[in-house]
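Residues per chain, in single letters:
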Amino acid sequence: MLGVNLVALTCRALAQAGPVTLTQRAIAAELGVSLGKANQLIRQAAVLGYLTTPQLELTQAGRDYLEPFKVAGAIVLAAGFGSRAVPLTFETPKGLLLVRGEPMTERLIRQLQAAGVPRITLVVGYLKERFEYLTDKYGVELVFNPEFATKNNLTSLYCVRDRLAQSYVLVADNWLETNPFNRYEPDSWMGGLYAAGPTSEWTTQLGPKGRIKGITIGGADTPVLLGPSFFSADFAAEFVPLLERAYATPGTEDWYFEHVLWHNLKRLPIYLRLLDQFNLHEFENLAELRQFDTSYQADAHSAIMRQIAQVLDIPQSRISGIEPLKNGLMNASFQFRTGRTEVDRFVFRRPQPGAAEWVDYAAERSAYATLAPLGLTDELVWIDPADGHRITRFLTGARPLDPSNPDELRAALETIAQVHHSGLVFSAEPPLTADLDRLRRLAQSRQAIQFADYPEVDALVRRAAALPANAGAPTVPTHGDYTASNVLVLPDGSIRLIDWELAGQRDPLTDVASFVLAAGLDSDAAAAALTLYTGRLPARDEWVRFHTQAALVALANTLWAEYRQALGEQLGEYPLLTYRRAKQHARAALGL
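Let us look at the structure shown here. Source: prediction; values computed, not measured.

Here is what the cut-offs are and how they apply
Residues numbered from 1 in each chain as written. Predicted model: local features only at pLDDT ≥ 70, side-chain atom pairs only at ≥ 80, totals over all residues. Heavy atoms only, no water. Pairing = 2+ DSSP bridges. Helix = DSSP H or I, 4+ residues; strand = E, 2+ residues; numbered from the N terminus. Axes fitted to C-alpha atoms, helices over the stretch in contact; angles between N-to-C directions. Contact = heavy atoms within 4.5 Å. Phe/Tyr/Trp six-rings, centres within 6.5 Å; stacked < 30°, edge-to-face > 60°. Buried < 20%, exposed > 50% of the residue type's maximum accessible area, 1.4 Å probe, protein only. Lys NZ or Arg CZ within 6 Å of the ring centre and 35° of its normal.

On to the pairing of strand E11 (residues 212-231). Here three bridges tie strand E8 (residues 167-171) to E11, and the two strands are oriented antiparallel to one another. Within E11, the residue paired with valine 169 across the bridge is serine 229. Looking at chain direction, strand E10 (residues 189-206) and E11 are connected through 14 bridges and run antiparallel. Each bridged residue has a counterpart across the sheet, and for leucine 193 the counterpart in E11 is valine 224. Joining the antiparallel neighbours E10 and E11 is a turn of five residues, in which lysine 209 adopts a positive phi near 60 degrees.

All right, on to the sheet that holds strand E15 (residues 331-337) then. Here five strands make up an open sheet; going across it, the order is E14-E15-E16-E18-E17 and the pairing antiparallel. Whereas interior strands pair on both sides, the edge strands pair on one side only; in this sheet they are strand E14 (320-327) and strand E17 (380-383). Strand-to-strand twist of the sheet, defined as the mean angle between neighbouring strand axes without regard to direction, takes the value 20 degrees. Here E17 pairs with strand E18 (residues 390-393) via three bridges, running antiparallel. Looking at the pairing, tryptophan 382 lines up with isoleucine 391 of E18. Where helix H13 (residues 303-312) meets the sheet, it contacts E14, E15, strand E16 (345-351), E17 and E18, and its direction lies at approximately 130 degrees from that of E16. Packing against the sheet, helix H14 (residues 361-371) makes contact with E16, E17 and E18, and its axis sits at approximately 160 degrees to E17.

Next up on the list: the packing of aromatic side chains. Applying the stated criterion across every chain, the model contains 27 aromatic pairs. On the numbers, 6.1 Å between centres and 65 degrees between planes, the contact of phenylalanine 144 with phenylalanine 148 is edge-to-face. Overall, phenylalanine 148 belongs to the buried group, its relative accessible area being 19%. Measuring from centroid to centroid gives 3.7 Å for tyrosine 158 and tyrosine 247, while their planes differ by 10 degrees, and the two rings are stacked. Here tyrosine 158 is found in helix H8 (residues 154-159), whereas its partner tyrosine 247 is found in helix H9 (residues 233-247), with 89 residues between them in sequence. An aromatic cluster is present here, built from Phe81, Phe90, Tyr126, Phe334, Phe336, Phe346 and Phe348 joined pairwise through their rings. Just above the ring of tyrosine 158 sits the side chain of arginine 161; from NZ or CZ to the centre is 3.9 Å. The side chain of arginine 273 reaches across the aromatic face of tryptophan 189, ending 4.8 Å from its centre.

Put into structure tokens, the structure is as follows:
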């Protein structure tokens, strides 16, 4: 059953039939009711003057009755990254991925327009420019969600809350074989499918006539929420204030818009519309796409997939088990398999935009080769020195080190000391302020530096770098970005150090300072870490060098964060914290 206003649905069936004359049996099938119920609805509509019998033709009164139910528009949510569909979504927004030769969002737009939906709005964020062509091709409108990178789709709906009345709400990466949309919708509903067996999706508990009375996550043999929804004018009037309240409430950053419904079901009458008959699909990852569209088995329409296949000399069909690992400030990574054993498991790294302006990937390749005899790194399989794309062997069972664990903190400092004291020499020996110079130019290219006192702080850090204690510092092979996330603990307790893109010959205290900053250690804990590293009470010159390196690292991180924000990322208070630490450590080095 599609809703509660079955008389309106009967009239809609006649209105949308065009020149085709419908039978009672056809109306029963359209509404999902028995033939007897369809006969009753036809008689009721005829008494009200909405249709004629026995011809079953809609009257003018029937058309006037449908007018308040006319669909005003559709909201297509297309702002998200689609992390589970990497590497495809590194290059293409998920909604524009091809399914059977057609971008999913284009198919939805065509279906909506075929149903006579007059206004279609796409809420965009990630790779927003890729959707621009749709404005000319289909006449749709784009609305940008500035919070797409840090919040869930509740914020996307918030951006278009003034357009929700009499509108469909759908996500850009749904695929429907047949068209479920209509010119008229008399009831508010959420789309769904029947899940046979256990499911981890949002499941529903239904009341009379299919009203959604409860929502839980997970279940078995039950309807789940999936696919388009429709918000009537009355429903939107109740829903929008609740949406605004949720948006303004701290702690809702990860909410979907369905969370608002979930927490207000008593106030929001809405029904479940099962969409099984329309062959609805939601593709979470490449494996699901391959299962549905066999063209993806031979060619995933991805430059990264082609690159992996070429480097490893395998067909793309052997690349499977893809799972995202992290999407950080410097890199985005995912793991994949080429076979069934653990030696067939790899990690692909893709640097974030702009990183190649900062990082020397040829030096990283050289660093891996230099460090190989120590057996302390992950295994580098391949790296492109031009763009930093890289494949390493996956470390099975590894986890990031916990810096709050005293034993693991000691192990991290002892391991990096082993590198420092190895006698090895890296090919790159960047000047003390080289990172600041490169990152300043990068940030200024985007007019990204927002701190009013940046010139003074930059000068302060450079004064610290010019102190005699730093001029006499030894240079050793350093990691350059030594953080707990780059220190992995294997099941046997041994340690591996990963991500050597900032490797170079530097003051060894660069790594200690970087570790302390990333771990957020207070002054007492920082002193304990430096003492642990040196094996004694640090000398005055060592403290000067430590504070200088901390100031340099913190300011470099600030500039990189400012640049990333200029590209659209929202990093919260992170740049404020790193900038403040740059000041504090520079002043400490200078004795101010």
